[in-house]
Amino acid sequence: MKSTGTCSAGIERLREALSTAEAVLIGAGAGLSASAGFTYAGERFRRYFSDFAEKYGFHDMYAGGFCRYETPEAYWAYWSRFVMVNRYMDAPKPVYADLYELVKDKNYFVITTNVDHCFQKAGFDKARLFYTQGDYGLFQCSEPCRQETFDNVDTIRQMAARQKDMRVPAELLPTCPHCGKPLTMNLRADDRFVEDEGWHAAARRYGDFLRAYAPRRTLFLELGVGGNTPGIIKYPFWQMTAQNPAATYACINNGEAVCPTDIARQAICINADIGQVLSALRKDSGN
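Residues numbered from 1 in each chain as written. Predicted model: local features only at pLDDT ≥ 70, side-chain atom pairs only at ≥ 80, totals over all residues. Heavy atoms only, no water.

1. Here's the deal with the sheet that holds strand 1 (residues 23-28)
Whether parallel or antiparallel, the strands of a sheet pair through hydrogen bonds between backbone atoms.
Turning to step 1, where the next piece is worked out: Taken in spatial order, the six strands line up as 3-2-1-7-8-9 in an open sheet, and their pairing is parallel. Of all the strands in the sheet, the pair left with one neighbour each is strand 3 (129-131) and strand 9 (267-270). Averaged over all pairs of adjacent strands, the angle between strand axes in this sheet comes to 10 degrees, irrespective of strand direction.
Turning to step 2, where the next piece is worked out: Of the strand pairs in this sheet, strand 1 and strand 2 (residues 108-112) are connected by five bridges, and their pairing is parallel. Bridged to Leu 25 within strand 2 is Phe 109.
Turning to step 3, where the next piece is worked out: Where helix 10 (residues 234-243) meets the sheet, its contacts fall on strand 1, strand 2, strand 7 (218-223) and strand 8 (248-252), and the angle it forms with strand 7 comes to roughly 155 degrees. (Pairing = 2+ DSSP bridges. Helix = DSSP H or I, 4+ residues; strand = E, 2+ residues; numbered from the N terminus. Axes fitted to C-alpha atoms, helices over the stretch in contact; angles between N-to-C directions. Contact = heavy atoms within 4.5 Å.)

Encoded structure:
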């Protein structure tokens, strides 16, 4: 089932669902960060990566992550700049802050495939977040020799500041302190992705939240989740809504807000920009 009625009608229904929910489970995908201004193409790409585009021929940040760079120094020149603008800079728009204001007094939890740390920067409690796919702010061993991650802020800032001609100094190349192999980004790409103790602790807290609140009057709020990994957020949200007549499923996704017909009566699908919807909810609620 596609978008239900007008945008304003959907916003009104969502406002009521937020007001009456005993708990809110937020499932966030790339569309939420895109709405906040973390776009990977267009003017923002040209502003930060025009030199890489000219040399290597790619035209968006995502493609740049898969480019075959000639040396590790060139590889880390790209990635350090990428992480600086997508992890250590603030999002251009206050979309995450608006979301936080709407749920901060609720029993909430967040599961997200995003890796840009925007939730914590907006004030969300770290203990209520489950980053399933990694974090731009972490390194891991490329082997990996153990299930451990390493904060990368100091190294990334040095690489970004000291790179020249799209290369970083060789002495800044990160290596594993245990085995000496190169470090890499802690991003899920294959079976070498490291799920450290922090990852598993967050997974346990997510499971605890589901056991406590999924059977109750819960709002499953899906924001900007696409079709790349539907088994992490989208399908489970549909299934849990179907299993609980008291639950509400809400999806805000510009052009992709859909749900199965068997939960249509419990669903609110809004085809609109997420930031505009959240801003309208905050304005009308007085938050």
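2. Brief notes about the sheet that holds strand 5 (residues 149-151)
Turning to step 1, where the next piece is worked out: Strands sit in the order 5-4-6 across an open sheet of three strands; the sheet is antiparallel. Of all the strands in the sheet, the pair left with one neighbour each is strand 5 and strand 6 (183-187). For this sheet, the mean angle separating the axes of adjacent strands, direction not counted, is 50 degrees.
Turning to step 2, where the next piece is worked out: Of the strand pairs in this sheet, strand 4 (residues 134-141) and strand 5 are connected by three bridges, and their pairing is antiparallel. Bridge assignment links Gln 140 to a residue of strand 5, and that residue is Thr 149.
Turning to step 3, where the next piece is worked out: Sitting on the sheet, helix 5 (residues 72-88) touches strand 4 and strand 6, and the angle it makes with strand 4 is about 145 degrees.

3. Focus on unusual backbone geometry
Residues other than glycine predominantly adopt negative phi, and peptide bonds predominantly adopt the trans conformation.
Turning to step 1, where the next piece is worked out: A cis amide bond links Glu 143 to the next residue, Pro 144, at an omega of -15 degrees.
Turning to step 2, where the next piece is worked out: On the secondary structure map, Pro 144 appears in the loop between strand 4 and strand 5.
Turning to step 3, where the next piece is worked out: Look at His 117: it is not a glycine, yet its phi comes out positive at around 70 degrees.
Turning to step 4, where the next piece is worked out: Within the secondary structure, His 117 sits in the loop between strand 2 and helix 7 (118-121).
Turning to step 5, where the next piece is worked out: Positioned with a positive phi, Met 166 is a non-glycine residue whose angle comes to about 60 degrees.
Turning to step 6, where the next piece is worked out: Secondary-structure assignment places Met 166 in the loop between helix 8 (153-162) and strand 6.

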